[in-house]
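Coordinate analysis (summary)
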Amino acid sequence: MEKTVQLYEGKAKKVFATDNDNYCIVSYKDDATAFDGLKKGTISGKGAINNQMTNRLMQMLEAHGVPTHFVEELSERDTVVKKVSIVPLEVIIRNISAGSFAKRYGVEEGIVFDAPTIEFSYKNDDLHDPLLNSYHALALKLATAEEIDTIKAMAFKVNELLKAFFKKMNIDLVDFKLEFGRLPDGSIVLADEISPDTCRLWDSTTHEKLDKDRFRRDLGGVEDAYAEVMRRLMDSSK
Ligand code: TMP
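Analysis parameters
Residues numbered from 1 in each chain as written. Predicted model: local features only at pLDDT ≥ 70, side-chain atom pairs only at ≥ 80, totals over all residues. Heavy atoms only, no water. Near = heavy atom within 4 Å. Polar contact = N/O pair within 3.5 Å; in protein donor to acceptor, adjacent residues only side chain to side chain. Areas by Shrake-Rupley, 256 points an atom, 1.4 Å probe, with all protein chains shown as cover. Helix = DSSP H or I, 4+ residues; strand = E, 2+ residues; numbered from the N terminus. Nonpolar A, V, L, I, M, F, W, Y, C, P; charged D, E, K, R; others polar. Pairing = 2+ DSSP bridges. Axes fitted to C-alpha atoms, helices over the stretch in contact; angles between N-to-C directions. Core = buried A, V, L, I, M, F, W, Y, C linked by side-chain atoms within 4.5 Å. Buried < 20%, exposed > 50% of the residue type's maximum accessible area, 1.4 Å probe, protein only. Contact = heavy atoms within 4.5 Å. Salt bridge = Lys/Arg side-chain N within 4 Å of Asp/Glu carboxyl O. Phe/Tyr/Trp six-rings, centres within 6.5 Å; stacked < 30°, edge-to-face > 60°. Lys NZ or Arg CZ within 6 Å of the ring centre and 35° of its normal.

Looking at the site of the ligand
In the vicinity of the ligand, 13 residues are found, and the nearest of them are R94, S100, D175, K177 and R200. Side-chain polar atom of S100 to an oxygen atom of the ligand: 2.5 Å apart, as the coordinates give it. In this structure, R200 approaches the ligand through a side-chain N or O atom, which is 2.9 Å from an oxygen atom. In isolation the ligand offers 450 Å² of accessible surface; the protein chains occlude 76% of this area. Elements with a minimum of two residues in the shell around the ligand: strand 9 (89–96), helix 2 (99–105), strand 12 (171–182) and strand 14 (199–203). For the shell around the ligand, a count of residues per class yields 3 nonpolar, 3 polar and 7 charged.

Describing the side chain of R200
Relative to the helices and strands, R200 resides in strand 14. Within the structure, R200 has its side chain in polar contact with the side chain of D213 (distance 2.6 Å).

Examining the sheet that holds strand 2 (residues 13–18)
The strand order across the open sheet built from 5 strands is 1-2-3-7-6, with neighbouring strands paired in antiparallel fashion. A strand with exactly one partner marks an edge of an open sheet, and here the two such strands are strand 1 (3–9) and strand 6 (70–73). Neighbour to neighbour, the strand axes of the sheet diverge by 30° on average, direction disregarded. Note that strand 1 and strand 2 share 4 bridges and pair antiparallel. Note that in strand 2 the partner of K3 across the bridge is T18.

Overview of the nonpolar core
In summary, soluble globular proteins display a tendency toward joint burial of nonpolar side chains. Core analysis: the biggest nonpolar cluster contains 49 residues, and L61, L162, F166, L178, F180 and I194 have the highest contact counts within it. Here the element with the most residues in this core is helix 4 (residues 145–167); it accounts for 9 residues. In this view, L61 contacts V66, V158, L161, L162, L190 and I194; residues no more than four positions away in its chain are not counted. By size, the runner-up hydrophobic cluster in this structure holds 5 residues, among which are V15, C24, Y28 and V81.

So, the pattern of salt bridges
Per the stated rule, a full pass over the model turns up 29 salt bridges. Between E179 and K177 there is a salt bridge, and its shortest N-O distance comes to 2.7 Å. Here E179 matches K177 in class, with each residue buried. Each member of the salt-bridge network shares a partner with another, and the members are R94, E109, E119, D175, R200, K209, D213, R216 and R217.

Structural notes on unusual backbone geometry
Even without being a glycine, H128 presents a positive backbone phi close to 60°. When you line up the elements, H128 lands in the loop between strand 10 (112–122) and strand 11 (131–132). Backbone geometry at D129 places phi at a positive 50°, although glycine is not the residue there. For D129, the position within the fold is in the loop between strand 10 and strand 11.

Description of the packing of aromatic side chains
As enumerated under the stated definition, the model contains 3 aromatic pairs in all. When the centroid spacing of 6.5 Å and the interplanar angle of 80° are considered together, the rings of F165 and F166 count as edge-to-face. In this pair, the class of F165 matches that of F166, namely buried. Through pairs of rings, three or more aromatic residues link up here, namely F101, Y105 and F113. Of note, K3 hangs over the ring of F16, and the distance from its end group to the ring centre comes to 4.7 Å. Sitting over the ring of F215, K39 keeps its end group 5.2 Å from the ring centre.

Some details on the pairing of strand 3 (residues 23–28)
A large share of strand 3 lies buried, amounting to 5 of its 6 residues. Bridge analysis of strand 2 against strand 3 gives 5 bridges, and the strand direction is antiparallel. Its bridge partner being in strand 3, V15 is matched across the sheet by V26. Alignment of strand 3 against strand 7 (residues 78–82), held across 5 bridges, turns out to be antiparallel. The partner of I25 across the bridge, within strand 7, is V80.

Structure, rendered in structure tokens:
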């Protein structure tokens, strides 16, 4: 399959049309941003890692009954995905306190929750992705009640599958962000990416951060952290 016109360029990926109207090609970049685009940088090799990691995780989820947009990996950075209309919600699941949760509620990072939490943000750059609940999402007609129920159930299922998968790599899945899309028949599939850009991943033994917080917080060793997660992922599938 060949790229035709570029449909969209985001902070970390480009999306291209193809000669088949049902499919797009996503192309992962090394560009990184944080804090709503205020901090900009490059993480060398990130695009290739995030592409391949996302695809492996999506295939694992598919094998466990989670429908996704994944179709075929074309190259290091490029993947064919089903064309979807993205539900404009960022769905965040948390297992351990960190990031904006710790800040908002004035708690330390690293508190293990008895049960995972879910929150939604309205995916809208002009408004800086404001937090909202499912009633707000319904009022704004961002999704139907049925779609929101489906998204919640899928997000919690993805959490259980990813948590167990990362645990085998001696990694604790702290929190992560998912996005969902609608296929032409109206069904909901998991879309976007699952990578150290969109997850907080802590080494289970040392609690070392192996994710984009190294970039956000200028901790150094950013490339090495991404490569380490990829190495453990490849080892786990041997
Ligand atoms: P937060 O603690 O900053 O709200 O982030 C929660 C999780 O969501 C964390 O794993 C990073 C991820 N995330 C994104 O993927 N994109 C975003 O724009 C934000 C704000 C967070």
